[in-house]
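A look at the structure
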Amino acid sequence: MNSFIIFTLLIALMLTGMPVSIALGLTVLTFLFVMTHVPTEAVALKLFTGIESFEIMAVPFFILAGNFLTHGGVAKRMIRFATAMVGHWHGGLGLAGVVACALFAAVSGSSPATVVAIGSIILPAMVAQGFPKRFGAGVIATSGALGILIPPSIVMVLYAVATGGGSAFGPNGERVLSASVGQLFMAGVVPGIMLASLLFLTTWYRARKFNYPRMPKASWGEAFTAFRKSFWGLSLIVVVMGGIYSGVFTPTEAAAISAVYAFVIAVFIYGDMGLRDVPKVLLASANMSAMILYIITNAVLFSFLMTSEQIPQAIIGWVTEMGIGWIGFLLFVNILLLLAGNFMEPSSIVLITAPILFPVAAKLGIDPVHLGILMVVNMEVGMCHPPVGLNLYVASGIAKMGITELTIAVMPWLLTMLAFLALVTYVPEISLWLPRVLGMM
Amino acid sequence: MLFLRILDRLEETLIAFLIGAATLVIFAAVTQRYLVGFPLFYGLLYDINLTWAQELCIYMFVWMAKFGAAYGVRTGIHVGVDVLVNYLSPGKRRYVILFGLFCGALFTFVVGTMGAKFVIELYPTGQVSPDMEMPRWIIFLCVPLGSYLMCFRFLQVAWSFFWTGELPHHDAAHVEGVDDFDALETPPKEPTR
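Heads up: these notes are all about the structure in this document. What you see is a predicted model, and the numbers here were worked out from it, not measured in a lab. (Residues numbered from 1 in each chain as written. Chains lettered and ligands numbered in written order. Predicted model: local features only at pLDDT ≥ 70, side-chain atom pairs only at ≥ 80, totals over all residues. Heavy atoms only, no water.)

1. Examining the overall build of chain B
To keep it simple, the criterion reads: Secondary structure elements follow DSSP: runs of H or I no shorter than four residues count as helices, runs of E no shorter than two count as strands, and numbering proceeds from the N terminus. By definition, residues are in contact when any of their heavy atoms lie within 4.5 Å.
Secondary structure summary: chain B contains six helices and zero strands in total. What you see in chain B, going N to C, is helices and strands ordered as α-α-α-α-α-α. Residue pairs in contact within chain B that sit at least 24 positions apart in sequence constitute 75% of those at least 6 positions apart.

2. Observations regarding the overall build of chain A
To keep it simple, the criterion reads: For the radius of gyration, the atom set is restricted to C-alpha positions; the globular benchmark scales as 2.2 Å times the number of residues to the power 0.38. Relative accessibility thresholds used throughout: buried, under 20% of the residue-type maximum; exposed, over 50%; partly exposed, between the two (1.4 Å probe, protein chains only). Areas reported as accessible are Shrake-Rupley estimates using a 1.4 Å probe. Residue values count occlusion only from the protein chains shown.
Summing up its helical and strand segments, chain A has 21 helices and two strands in all. In terms of C-alpha radius of gyration, chain A reaches 22 Å, essentially the compact-globule figure of 22 Å for 441 residues. Projected onto its principal axes, the C-alpha positions of chain A cover 70 × 45 × 45 Å. Within the span of chain A, comprising 441 residues, buried residues form 63% of the whole. Considering only contacts in chain A between residues 6 or more positions apart, those separated by 24 or more positions represent 80%. When the accessible surface of chain A is summed, it comes to about 15,100 Å², and 69% of that surface belongs to carbon and sulfur atoms.

3. Digging into the interface of chain A and chain B
The line we're drawing: A quick way to say it: buried area is the sum, across both parts, of accessible area lost when two parts are put together, with a 1.4 Å probe. Criterion for a salt bridge: a side-chain nitrogen of Lys or Arg within 4 Å of a carboxyl oxygen of Asp or Glu. Each residue gets one of three labels, nonpolar for Ala, Val, Leu, Ile, Met, Phe, Trp, Tyr, Cys and Pro, charged for Asp, Glu, Lys and Arg, and polar for the others, Gly among them.
At the junction of the two partners, chain A supplies 79 residues and chain B supplies 68 residues. Both faces combined, the contact of chain A with chain B buries some 6,500 Å², and carbon together with sulfur accounts for 75% of it. For the interface between chain A and chain B, the tally reads one salt bridge. The element best represented in the side of chain A that touches chain B is helix α13 (residues 278-308) of chain A, accounting for 15 residues. Here the residues of the side of chain A that touches chain B sort into 52 nonpolar, 18 polar and nine charged.

4. What about the side chain of Asn391 of chain A?
Residues and elements named next belong to chain A. Let me state the cut-off plainly: For the purposes of these results, a polar contact is taken to be a pair of N or O atoms within 3.5 Å, where, inside protein, one atom must be able to donate a hydrogen and its partner to accept one; residues adjacent in sequence count only when each atom of the pair is a side-chain atom.
Among the secondary structure elements, Asn391 is positioned in helix α18 (residues 390-399). A relative accessible area of 0% means that Asn391 is categorised as buried. A distance of 3.0 Å separates the side chain of Asn391 from the backbone oxygen of Ala141, its partner in a polar contact. Residues within four places of Asn391 in sequence aside, it is in contact with Ser111, Pro112, Val115, Ala141, Gly144, Ala145, Met383 and Cys384.

5. Topic: the packing of aromatic side chains
To be explicit about the condition: Aromatic rings from Phe, Tyr and Trp, with only the six-membered ring used for Trp, were paired whenever their centres fell within 6.5 Å, and each pair was classed as stacked if the ring planes differed by under 30 degrees, edge-to-face if by over 60, and tilted otherwise. Note on criteria: charge over ring means Lys NZ or Arg CZ within 6 Å of the ring centre, with the direction from the centre no more than 35 degrees off the ring normal.
Enumeration according to the criterion identifies 22 aromatic pairs over all chains in this entry. On the basis of an interplanar angle of 70° and a centroid distance of 6.0 Å, the ring pair of Phe231 of chain A and Trp232 of chain A is categorised as edge-to-face. Judged by its relative accessible area of 27%, Trp232 of chain A is partly exposed. Of the aromatic side chains, those joined through ring pairs into one cluster are Phe131, Phe135, Phe210, Tyr212 and Trp413 of chain A. Stacked on the ring of Tyr270 of chain A, the Lys or Arg Arg77 of chain A has its end atom at 3.8 Å from the ring centre. A cation sits over an aromatic face here: Arg94 of chain B above Phe162 of chain B, 5.0 Å from the ring centre.

6. Examining the packing of helix α15 (residues 326-340) of chain A against helix α16 (residues 346-363) of chain A
Residue and element names in this part refer to chain A. Which entries qualify depends on this criterion: Helix axes use the C-alpha atoms of the stretch in contact, all axes being lines fitted to C-alpha atoms, and the angles between their N-to-C directions lie in the range 0 to 180 degrees. An angle counts as roughly parallel when it lies under 35 degrees, as roughly antiparallel when it exceeds 145, as roughly perpendicular when it falls between 65 and 115, and as oblique in every other case.
Two elements in contact, α15 and α16, have axes whose closest approach is 12 Å; the angle formed by their N-to-C orientations is 170°. By the angle between their axes, α15 is roughly antiparallel relative to α16. The segment α15 lies against α16, with Phe329, Val333, Leu336, Leu337 and Ala340 engaging Ile349, Thr353, Leu357, Val360 and Ala361. Among the residues forming the contact of α15 with α16, the class breakdown is nine nonpolar, one polar and no charged.

7. Here we look at the pattern of salt bridges
When charged atoms on two side chains of opposite charge get close, those side chains can pair. This model, assessed by the stated rule, comprises 10 salt bridges over all chains. Between Asp272 of chain A and Lys76 of chain A there is a salt bridge; the shortest N-O distance is 3.2 Å. Remark: Lys76 of chain A occurs in helix α5 (residues 74-86) and Asp272 of chain A occurs in the loop between α12 (251-269) and α13; sequence separation between them is 196 residues. A residue is classified by how much of its surface remains accessible, and Asp272 of chain A, at 23% relative accessible area, is partly exposed. If you follow the salt bridges from partner to partner, you end up with Asp8, Arg9, Glu11, Glu12, Arg74 and Arg153 of chain B in one network.

8. Quick notes on the nonpolar core
Residue and element names in this part refer to chain A. As a reminder, the rule being used: Nonpolar cores are built from buried Ala, Val, Leu, Ile, Met, Phe, Trp, Tyr and Cys residues. Side-chain atoms within 4.5 Å join them into one set.
If you look at the biggest cluster of nonpolar residues, it comprises 224 residues, and the most contacted ones within it are Ile118, Ile296 and Leu371. For this core, the element with the most residues is α13, which contributes 17 residues. What Ile118 contacts, discounting residues up to four positions off in sequence, is Ala75, Ile79, Gly97, Ala100, Cys101, Phe104 and Ile140.

9. Some details on helix α2 (residues 20-35) of chain A
Residue pairs spaced three or four apart in an α-helix point in one direction, given the helix's 3.6 residues per turn. Residues and elements named next belong to chain A. Operational definition: How far a helix is expected to stretch is found by multiplying one less than its residue total by 1.5 Å.
The terminal C-alpha atoms of α2 lie 22 Å apart, and with 16 residues this matches the ideal 22 Å at 1.5 Å per residue to within 8%. When you tally the buried positions in α2, you get 12 out of 16 residues, the bulk of the element. Among the residues of α2, Val20, Ser21, Ile22, Ala23, Leu24, Gly25, Leu26, Thr27, Val28, Leu29, Phe31 and Leu32 are the ones counted as buried.

10. As for unusual backbone geometry
All names here are of chain A. With an omega of -5°, the peptide bond running from Pro151 to Pro152 counts as cis. In this model, Asn211 sits at a positive phi of 55°, which is unusual for a non-glycine residue. With relative accessibility at 59%, the residue Asn211 sits in the exposed group. For Gln310, which is not glycine, the phi torsion reads 60° and is therefore positive. Relative to the helices and strands, Gln310 is located in the loop between α13 and α14 (311-322).

11. Quick word on the packing of helix α4 (residues 90-122) of chain B against helix α6 (residues 142-164) of chain B
Residue and element names in this part refer to chain B. This is how it is decided: What makes a crossing left-handed is the near helix being turned counterclockwise from the far one by less than a right angle; a clockwise turn instead makes it right-handed.
One can describe the packing of α4 onto α6 by two numbers: an axis separation of 7 Å at closest approach and a directional angle of 160°. Accordingly, the angle class assigned to the pair α4 and α6 is roughly antiparallel. For the pair α4 and α6, the sense of crossing is left-handed. Classifying every residue of the contact of α4 with α6 gives 20 nonpolar, six polar and one charged.

12. Overview of the environment of Ser21 of chain A
Mapped onto the fold, Ser21 of chain A is located in helix α2. Spatially, the C-alpha atoms of Ser21 of chain A and Phe302 of chain A are 9.9 Å apart, while their sequence positions differ by 281 residues. Those residues in contact with Ser21 of chain A that lie beyond four places of it in its chain are Tyr294, Ile295 and Asn298 of chain A together with His78 of chain B.

Written out as structure tokens, the structure reads:
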């Protein structure tokens, strides 16, 4: 009964259009003052200590790094490199767009940032070459979603934070540890490359069918020059992933290092950004980070309320009673997340649902890392379809296209993503193979 | 309205400084930890103890989060679910939006008051943070200050919405510096090193 009231209140408040963080916080406060025995002090302390963890601080660092990379000309050089590699095949620039998005995703942790960084350069170029606008916007809006699947990824950090500290037990009552940021990053590599390849194939197939323009083949010299120029950006991949894997630094430290590194290449090596622009980038990053940290604070409160009301346990009881196995449960998770993706943006969805889903999944024997990757892929799909697909809005801003038109434009790629989602859901090995081989789990 | 302008600048400068400084602190700590492994730097760096860096970084970010959230109200970055609201008639929509803004003000006011009470209770205990040994009440001061500021910002936005019907809007698609549309045609200037 209580849980019913909590969720009704939360949904009602959210539908008024108030910020998700405020809706979460007000739900908790109302519940506290009206109907529970949890001491207010315990909750008050949560309010202050909710984000007092070093792990969470990876979020602002990755946002800062991403902003320096976007403004600092890294995206531009990656596009030129990708064009030199694949530009001569069918749909040249479109394919280059997919590859550039994948490369940029490997240094940035956000998906709309990837769309902006790559899209605002490559879309106008595609239109100039005679591609239909729909095709270009469709490629970029969906490929940009790779930003949160290919590590580093802000959504993965949020998942690790949201499930961390929760207690979960496996099918036989043994304790299940939540996934670490490092494990999730490694687990994202294989699905990321797979999805990039699938989107690449979709683009190539459509371009061949409609005979879209190709580019002259780049000579080896040109390709090498393009590689050399994008080298500074590309080496960030090695710094972050290598650093985390070898244990030289923690994910948060890796994020801080990449922020400083991105600053240095943007200002001193590429020189696309002056020192004068730095305060502006800092302010924009602080603005974005504070928004996410504020949602985290309130989501921590909310999940504290969930736990003290034993809601995950109630769901576990219900699932076992109904005899639902992991296959049925994951189907339900996918539908739930895809529906939620219609109304909310990824960070809120992950922060609200992950602490509830994690104990249930653990009970059914689903690996927390697998659940995390599955949620991230779901979030990707959610970002590419209306009404709140953030990527769509960003792409529509760049392409100056209406949302409805863009919705139709992304269809071929969206269907590919949905097929990939089914694959990731029911073949856990796709996510778990690499971290296992590397001995991380 | 000079006071408001000063407050705006102060807010912006503070959060931009905090995120930049926190990054440098962690960078310095990692670099020191790494370089101390080399014999050449060992003598030079061994005496520098940077164990407090992590703690300082966390507190800087907590402060940035609280004040940044207030700044975010002004820039309209706190997004909500506006699907349903957009279907309403303009007259009704206005009331729903005002209701949302007042809920924001109410929530931040309650949190600010809870925070103020907490800080007042914490002050006489003399508790300090584990690494830097900074008084904990100073650290927690960001909660009442930030929340009351955020409450003020919500009221400010509600006020201007009431009179002008305009809400601050965060444009995700706009990026300054990426207006280089013919970037692929024109070769870029050589990297200057």
